[in-house]
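A look at the structure
This is what each chain is made of:
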Amino acid sequence: MLLGETLRVAIAALRANKMRSLLTMLGIVIGIGAVIAMVALGNGAQESIQARIAALGTTVLQVNPQRVRQAGVAIDGSIAKLTVDDVEAIRQHAPDVLMVNYQQDRNLQVVYQDHNTNLRVVGTVPNFLDVRGYALEVGRMFTDREEAARRRVAVIGAGVAAALEIGDPYELLDKQIRIASRAFTVVGILKTKGAGGFGNPDEQILIPFSTGRFQVFGTDRLNDIWALAGSEDLIGPAMDEITIALRRSHRLRFDQPEDFLIRNQSDYLETLNETTETFSLLLAGIAAVSLVVGGIGIMNIMLVSVTERTREIGVRKALGATRLNVLLQFLIEAVVLCVLGGAVGILLGIVGSAQLAASMGWTASIDVRSIAIAFFFSSVVGVLFGVWPARRAARLDPIIALRYE
């Protein structure tokens, strides 16, 4: 038989058993759909992380205190201390740093009328918006004068009202909220930043640093120092200058390790990307297992089909069909099942990822490469799991096949 005729015979055999063909394709449909959806959600998570890191500013450096270690062992009570003196050292000895912001923070009880919740309260200075990449939705930022005078004013994140179960966030503007039993006047509301990392930046309250230090936190220790480098090319020099300035400020000898850690946003981006990529591959791998299961199902059905159509195969061979013709017929049937299942699975994966993203509030990004790979893999599955039944059909003896009932 010619290739065209072989193809028509294979398609006719599949159409003659529509329900069995549909059920056989189901494993491939689910497998391809799951792979497409999982990869799309993984890519969306990576893009979302990249956007949030970029929103923080690619030239922002973060300095954290670290526990001192000797011979790889942490020494008890040796967590380093960052203070305002360290900030001044950076300002004086780091010319490639444009601005320095510093903060103290702690989770505290916040009360407004009969509403209360636990939120992160940040004591910081007025350049917080410029260094950290935030913007005001309404109102104003507290001033240097208010910070120096230890005024009880606050700028709240976009999600604070929702955390307090208040429908209209503007209701809090110019009103008093209580933080750690002290009344603060809300003078501004920040624009939405979006959740990221280990906390939600929209659910934080900014207060003047001096107010927090002397009236709320009761300590001079800083949780973070944020430095804004002049450009991306100056990130390396700025980190070196900050390191030298802090080593001098902490009076560390040349043989002593740093008791602080400097990070830039690319470090976070690389770490988070590696994490999300690992989870994406894990999810795609789990989804790919169903492809193998679907392939085994196709092989099983094709073997049953060979047994059921033994007499038909004998007739065709008696009429002149060669082993190659029979092999191609059954191989085409398996490949068609997988390719059709792959096409339906791709459509299901695209629609499913969009529905999951919409219902769960996630981000999904369809990658054309993942679609191509999934479609190619479905074809490969059809070939691999269709070869054995096809070979078995091709090797049947026509005389024995004609006698089969």
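**Examining the overall build of the protein chain**
- Broken down by element type, the protein chain carries 13 helices and 12 strands.
- Per-residue burial for the protein chain yields a buried fraction of 44% across its 405 residues.
- Sequence separation of 24 or more characterises 77% of the internal contacts of the protein chain that already satisfy a separation of 6 or more.
- Per element, the accessible surface of the protein chain, about 20900 Å² overall, is 58% carbon and sulfur.

**Looking at the pairing of strand 11 (residues 224-229)**
- Burial runs high along strand 11: six of the six residues are buried.
- Residues Asp-224, Trp-226 and Leu-228 of strand 11 are buried on one face, and the alternating residues Ile-225, Ala-227 and Ala-229, pointing to the opposite face, are buried as well.
- Note that strand 1 (residues 60-65) and strand 11 share four bridges and pair antiparallel. Within the sheet, the bridge partner assigned to Val-60 lies in strand 11 and is Leu-228.
- Two elements, strand 4 (residues 97-112) and strand 11, share six bridges in a ladder whose sense is antiparallel. Each bridged residue has a counterpart across the sheet, and for Val-100 the counterpart in strand 11 is Ala-227.

**Observations concerning the nonpolar core**
- Counting residues in each nonpolar core, the largest one holds 23 residues, and the members touching the most others are Leu-61, Val-63, Ile-225 and Ile-242.
- When residues of this core are traced back to their parent elements, those giving at least two are strand 1, helix 3 (84-93), strand 4, strand 11, helix 8 (235-249) and strand 12 (260-264).
- With five residues, helix 8 is the largest single contributor of residues to this core.

**Points about the confidence of the model for the protein chain**
- With 79% of its residues at a pLDDT of at least 70, the protein chain reaches an overall mean of 80.
- In the model, residues 71-78 has pLDDT below 50 throughout and makes 12 contacts with residues more than four positions away in sequence or in other chains.

**Quick look at the pattern of salt bridges**
- This model, assessed by the stated rule, comprises six salt bridges.
- Close ionic contact of Arg-120 with Asp-105 constitutes a salt bridge, the shortest N to O distance being 3.7 Å. In this pair, Arg-120 sits in strand 5 (residues 115-124) while Asp-105 sits in strand 4, placing the two residues 15 residues apart along the sequence.
- Judged by its relative accessible area of 28%, Arg-120 falls in the partly exposed class.
- Between Glu-258 and Arg-247 there is a salt bridge, with the nearest N and O atoms lying 3.2 Å from each other. Here Arg-247 lies in helix 8 and Glu-258 lies in the loop between helix 8 and strand 12, a separation of 11 residues in the sequence.
- In this structure Arg-247 comes out as buried when scored by relative accessible area, which is 15%.

**Here we look at the environment of Asn-127**
- Following the sequence through the fold, Asn-127 ends up in the loop between strand 5 and helix 4 (128-132).
- On a C-alpha basis, the gap between Asn-127 and Met-141 in space is 9.0 Å, while along the polypeptide they are 14 residues apart.

**Thoughts on a nonpolar patch on the surface**
- Residues Met-19, Leu-23, Leu-26 and Ile-30 make up a contiguous nonpolar surface patch of roughly 420 Å² in combined accessible area.
- Counting through the fold element by element, Ile-30 comes out in helix 2 (residues 18-56).
- Classification of Ile-30 by relative accessible area gives partly exposed; the value is 47%.

**Thoughts on the packing of aromatic side chains**
- Considering all chains together, one arrives at two aromatic pairs under this definition.
- With 5.1 Å between their ring centres and 40 degrees between their planes, Phe-128 and Tyr-134 make a pair best called tilted.
- It is Arg-132 that lies over the ring of Trp-226; its NZ or CZ is 3.7 Å from the centre.

**With respect to the side chain of Ser-353**
- With respect to the element layout, Ser-353 can be found in helix 11 (residues 323-360).
- Beyond its immediate stretch of four places on either side in the chain, Ser-353 contacts Ala-37, Ala-40, Leu-41, Ala-364 and Ile-366.

**Here we look at helix 3**
- Buried within helix 3 are the following residues: Asp-86, Val-87, Ala-89 and Ile-90. Angular distribution of buried residues about the axis of helix 3 spans 160 degrees; they occupy a single face of the element. Among the exposed residues of helix 3, those oriented more than 90 degrees off its buried face are Asp-85 and Gln-92.
- As for helix 3, its buried residues are in contact with strand 4, strand 11 and helix 8.

**Quick look at helix 7 (residues 209-217)**
- For helix 7, the buried fraction is high: seven of the nine residues fall into the buried class.
- Inspection of helix 7 places Phe-209, Ser-210, Thr-211, Gly-212, Gln-215, Val-216 and Phe-217 among the buried residues, and these make up the whole buried set.
- In this structure, the buried side of helix 7 is in contact with helix 3, strand 4, strand 5, helix 5 (144-148), strand 9 (182-190) and strand 10 (204-208).

**A short note on the pairing of strand 5**
- Pairing between strand 4 and strand 5: 10 bridges, direction antiparallel. Directly across from Gln-104, in strand 5, lies its bridge partner Gly-123.
- Counting the residues between successive antiparallel strands, the hairpin from strand 4 to strand 5 contains two residues, one of them, Gln-113, with a positive phi of roughly 55 degrees.
- Here strand 5 pairs with strand 10 via five bridges, running parallel. Bridged to Val-122 within strand 10 is Leu-206.

Basis of the calculations
Residues numbered from 1 in each chain as written. Predicted model: local features only at pLDDT ≥ 70, side-chain atom pairs only at ≥ 80, totals over all residues. Heavy atoms only, no water. Helix = DSSP H or I, 4+ residues; strand = E, 2+ residues; numbered from the N terminus. Buried < 20%, exposed > 50% of the residue type's maximum accessible area, 1.4 Å probe, protein only. Contact = heavy atoms within 4.5 Å. Areas by Shrake-Rupley, 256 points an atom, 1.4 Å probe, with all protein chains shown as cover. Pairing = 2+ DSSP bridges. Core = buried A, V, L, I, M, F, W, Y, C linked by side-chain atoms within 4.5 Å. pLDDT = per-residue confidence, 0-100. Salt bridge = Lys/Arg side-chain N within 4 Å of Asp/Glu carboxyl O. Patch = residues over 30% accessible without salt bridge, like charges linked within 9 Å, V, L, I, M, F, W, Y side chains within 5 Å. Phe/Tyr/Trp six-rings, centres within 6.5 Å; stacked < 30°, edge-to-face > 60°. Lys NZ or Arg CZ within 6 Å of the ring centre and 35° of its normal. Arc of directions from axis to C-beta.

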